[in-house]
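Chain by chain, the residues:
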Amino acid sequence: MSNGTHYEVLARKYRPQSFSELAGQEHVSRTLQNAIDSGRVAHAFLFTGARGVGKTSTARIMAKTLNCERGVTHEPCNVCQQCIEITKGTSTDVFEIDGASNNGVDDVRDLRDNIKYLPSHSRYRIIIIDEVHMLSTNAFNALLKTLEEPPEHVKFIFATTEPHKLPVTILSRCQRFDFKRVTLPKIIARLREIAEKESVTITDASLALIARKGDGSMRDSLTAFDQVLAFCGDTVSDDDVGTLLGTIDRRLLGDISAAVFSGDTQSVLAGIKQVDLVGYNMRQFCQELIEHFRNLLVIHSVKKPEEILELTAAELEDLQKRSLHVTALDIQRRLTLLIKAESEMAYASFPRLIVEMALLKATIMAPLVPIQELIDKIKTLETAAVHTPALPWETARTAPAQPLYSAEPQRTSPARPSQPAAVVAAAAPKPAGGHTDWGRFVAFVNEKEPLLGSVLEHGSPLKQENGLIEIGFPAGSYYLTAAQDAEFIADVQKMACAFGGGDTVIRVKSIETGFADAPLSLAEKKKSDDEQHLEELKQEVANHPVVKEAQRVFGGTITDVREF
Ligand SMILES: [Zn+2]
């Protein structure tokens, strides 16, 4: 690869020497070659475009084509003296000027003096000014005079990354060519060619990482390749490339997005941790995730995503597989979250937290059903709902008030005339000791002395005989302590008397836990009734045809039943 003492950087070593070698700028090559073939070569050209896309290389190829000793054809021969000198940068008729360092009016005056003379050995004197937008205003004015009346033997080629900074007077006198960013597959193909020439073993995935690092610039991609080769030598491992270039393995992005869609919060957070561990910039990570989701969305939305996305065939295939199980809407909603998070990260002290929050939100997001699908489902449901019994809550609470505590069956829903009665049978209550008056007595006490009543509600009527009421309270309970108070007993006695029982002995007993024979207290009874009622309601709802149909149509389970 290297001769050990001198390493020529790849961008220089593999600089394109003919139009056919110029990757990614075919539109420029074709137009220039057509102009040469038809003998209509302009006096001044302006090459615009991002750095490293081939502007100065094209300028040199153009210069060689115009001055080649073998005649003006649409490719330089690259073997004649003129071609070789231009390649080496030693031609006396081709002036390459860096606009950034020779930007004064004196430099341009020198240039003007210089071009007065005829070319010494070739057809044209060719002036190439790189970064031409850096020239001073006076320098532009001086240049303009030459451009207005250019000598026949002079050609100008200007290159710039910022054409908007050029005066209109200059722009209007140039034939302009806009160079494109070089597409990923073209950069990869070029890197593969070079890898083969250099006898380097490297995977396509690694070449893609290197190419992506260049962001459309062939030169930057080659510089990244230099960096990788300097570290790895002739055999390049994927891991080394990722570490060296500070890029995330795209499989990790894929895994994180898969975890997001499958609702796997554990893997999402583990993925972020992994990214953080290698010291990767969180905002950049977020940007790459955004690109990943955007790629998925494009794949979902167009027929030929390969024409729009900068992806290798393998990457495209992988993403296509991943996109099968998600809808465009699902991707879009997550993309929105990430874009918002990314903008928040610019000023955040905790960028990792912002990514985590956004991804967790994206992970627990329920899948959205397209609105038309929902409407269709509701229509199906409406059809099914015709002529079916009313839901329980439409009838249950319209039942007449029941006695507070009676042995009669309760919660009997009144039947609709035309429909079968939705009767909910009361389960057999625990023995109430035959004291059906207890409920009425407690209600009486509640009305007169609410505090007293609230304690009695928790007591079980163990006995109610002539002149004796025996009330049991759970052992160790607050209510037992309250009820054992002499004053309490005396008050209950007064109440019993007032209720119409004459002189009554009140006896308070402790009920051991699990004492099954004790009748339920009113409080227990109410709780038990409520639970039973809810259970019955759940059963009834679950068995209702409309609910069954809704479950069939929408899927899902009944998690809660509420009366209203
Ligand atoms: Zn030649």
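Analysis parameters
In this numbering scheme, every chain counts its residues from 1 along its sequence in written order. At least 70 in pLDDT is required for a residue's local features to be given in this predicted model, at least 80 for side-chain atom pairs to be given and counted, and no such filter applies to totals for whole chains, interfaces and linings, which use all residues. Secondary structure counts use DSSP, requiring at least four H or I residues in a row for a helix and at least two E residues in a row for a strand, with both numbered from the N terminus. Note that contacts rest on C-beta atoms placed from the backbone: two residues are in contact if these are within 7 Å. Strands are labelled as partners when DSSP assigns at least two bridges between them. The axes are straight lines fitted to the C-alpha atoms, using for helices just the contacting stretch, and the angles between their N-to-C directions are given from 0 to 180°. To estimate how far a helix should reach, multiply one less than its number of residues by 1.5 Å. Residue burial here comes from a neighbour count, namely the number of other C-beta atoms, placed from the backbone, that lie within 10 Å of the residue's own C-beta, with 20 or more meaning buried, 12 or fewer meaning exposed, and in between meaning partly exposed. The arc in question is traced by the directions running from the helix axis to the C-beta atoms. Throughout this description, the term nonpolar core refers to a group of buried Ala, Val, Leu, Ile, Met, Phe, Trp, Tyr and Cys residues whose C-beta atoms join them within 7 Å. Crossover handedness is defined by viewing with both strands directed away from the observer: a clockwise path from the first strand over the helix to the second marks the crossover as right-handed. We call two directions roughly parallel when the angle between them is under 35 degrees, roughly antiparallel when it is over 145, roughly perpendicular when it lies between 65 and 115, and oblique otherwise. By convention the crossing between two helices is left-handed if the near helix lies anticlockwise of the far one by an angle smaller than a right angle, and right-handed if it lies clockwise. Ten residue types, Ala, Val, Leu, Ile, Met, Phe, Trp, Tyr, Cys and Pro, are classed as nonpolar, four, Asp, Glu, Lys and Arg, as charged, and the remainder, Gly among them, as polar. Per-residue confidence from the prediction method is given by pLDDT, with values spanning 0 to 100.

Enquirer: I'd like to hear about the overall build of the chain, residue by residue, with values.
Expert: Helix and strand counts for the chain stand at 24 helices and eight strands. Counting contacts in the chain only where the partners sit at least 6 residues apart, residues at least 24 apart contribute 72% of the total.

Enquirer: I'd love a proper account of the sheet that holds strand β6 (residues 460-465), names of residues and values included.
Expert: With respect to topology, three strands assemble into an open sheet ordered β6-β7-β8, the strand pairing being mixed. In this open sheet, the two edge strands, each paired with only one partner strand, are β6 and β8 (505-511). The mean angle between the axes of side-by-side strands here comes to 20°, regardless of whether they run parallel or antiparallel.

Enquirer: Could you give an account of helix α16 (residues 328-345), with specific residues and numbers?
Expert: Over its 18 residues, α16 extends 26 Å from the first C-alpha to the last, a length consistent with the 26 Å expected when each residue adds 1.5 Å. Turning to α16, its buried residues are D330, I331, R334, L338, A341, E342 and M345. Along the axis of α16, the buried residues cluster in a sector spanning 100°; they form a single face. Buried residues along α16 sit against α12 (250-262), α14 (282-301) and α17 (351-364).

Enquirer: Tell me about the environment of V492, and name the residues and values.
Expert: Inspection of the secondary structure puts V492 in helix α22 (residues 486-501). Separated by 23 residues in the primary sequence, V492 and I469 place their C-alpha atoms 9.8 Å from one another. Among all residues touching V492, those that are not within four sequence positions of it are L452 and I506.

Enquirer: Could you give me a rundown of the sheet that holds strand β4 (residues 154-160), with the residues and numbers involved?
Expert: What the five strands build is an open sheet, ordered β2-β3-β4-β1-β5; its pairing is parallel. Because the sheet does not close on itself, it has two edges, and the strands there are β2 (94-98) and β5 (175-178). Each strand of the sheet is rotated relative to its neighbour by a mean of 15°, with strand direction disregarded. Relative to β4, strand β1 (residues 44-48) runs parallel, the two sharing five bridges. Of the residues in β4, the one forming a bridge with F45 is I157.

Enquirer: If you had to explain the environment of L359 to someone new, which residues and values would you point to?
Expert: In this structure, L359 sits in helix α17. A count of 25 C-beta atoms within 10 Å places L359 in the buried class. For L359, the contacting residues outside a window of four places in its chain are V260, V268 and I272.

Enquirer: Give a detailed account of the nonpolar core, specifying residues and quantitative values.
Expert: Within the largest apolar cluster, 62 residues are counted, with the highest numbers of intra-cluster contacts made by F47, I127, I128, I157, F158 and I210. A per-element tally of this core places helix α10 (residues 218-232) first, with six residues. With 25 residues, the next largest nonpolar core counts I256, F293, L296 and V355 among its residues.

Enquirer: So, the pairing of strand β3 (residues 125-130): which residues are in play, and what are the values?
Expert: Burial analysis of β3 places six of its six residues in the buried class, which makes it a mostly covered element. On β3, burial covers both faces: R125, I127 and I129 on one face and I126, I128 and D130 on the other are all buried. Sheet topology places β2 next to β3; five bridges connect them, and they run parallel. Each bridged residue has a counterpart across the sheet, and for I97 the counterpart in β3 is I129. You can see the chain leave β2, run along helix α5 (residues 105-115) and come back into β3, and the turn it takes is right-handed. Pairing between β3 and β4: five bridges, direction parallel. Paired with R125 across the strands is V154, a residue of β4. In this region the chain leaves β3, passes through helix α6 (residues 137-148) and returns to the parallel neighbour β4; the handedness of that crossover is right-handed.

Enquirer: An account of the packing of helix α13 (residues 265-277) against α17 is needed here, citing residue identities and associated values.
Expert: Helix-helix packing is described using two parameters, namely the angle between the two axes and the distance between the axes. Here α13 crosses α17 at 155°, and the two axes come no closer than 10 Å. As summarised for this structure, α13 and α17 are arranged roughly antiparallel, according to the angle between their axes. Crossing handedness for the pair α13 and α17: right-handed. Judged by residue contacts, T265, V268, L269, I272 and D276 of α13 engage R352, V355, E356, L359, L360, T363 and I364 from α17.

Enquirer: Describe in detail unusual backbone geometry, supporting the description with residues and values.
Expert: The residue E131 is not glycine, and still its phi comes out positive at about 50°. Secondary-structure assignment places E131 in the loop between β3 and α6. According to the C-beta neighbour criterion, E131 is buried, with 21 such atoms within 10 Å.

Enquirer: So what about the environment of T73? Which residues, and what values?
Expert: Its location among the elements puts T73 in the loop between α3 (55-67) and α4 (81-88). For T73, a count of 12 C-beta atoms within 10 Å corresponds to the exposed category.

Enquirer: Explain the packing of α12 against helix α15 (residues 313-323) to me, using residue names and the numbers behind them.
Expert: Where α12 contacts α15, the two axes come as close as 11 Å, and the packing angle between them is 5°. As the angle between them shows, α12 and α15 are arranged roughly parallel. Packed against α12, whose contacting residues are R250, G254, S257 and A258, the element α15 presents E315, D318 and R322 at the interface. Of the residues contributing to the contact of α12 with α15, the split by class is one nonpolar, two polar and four charged.

Enquirer: Pulling in residues and values, what's your account of the confidence of the model for the chain?
Expert: Across the chain, pLDDT averages 83, with 88% of residues at or above 70. Below pLDDT 50 for its whole length, residues 394-432 participates in 49 contacts with residues either more than four positions away or in separate chains.

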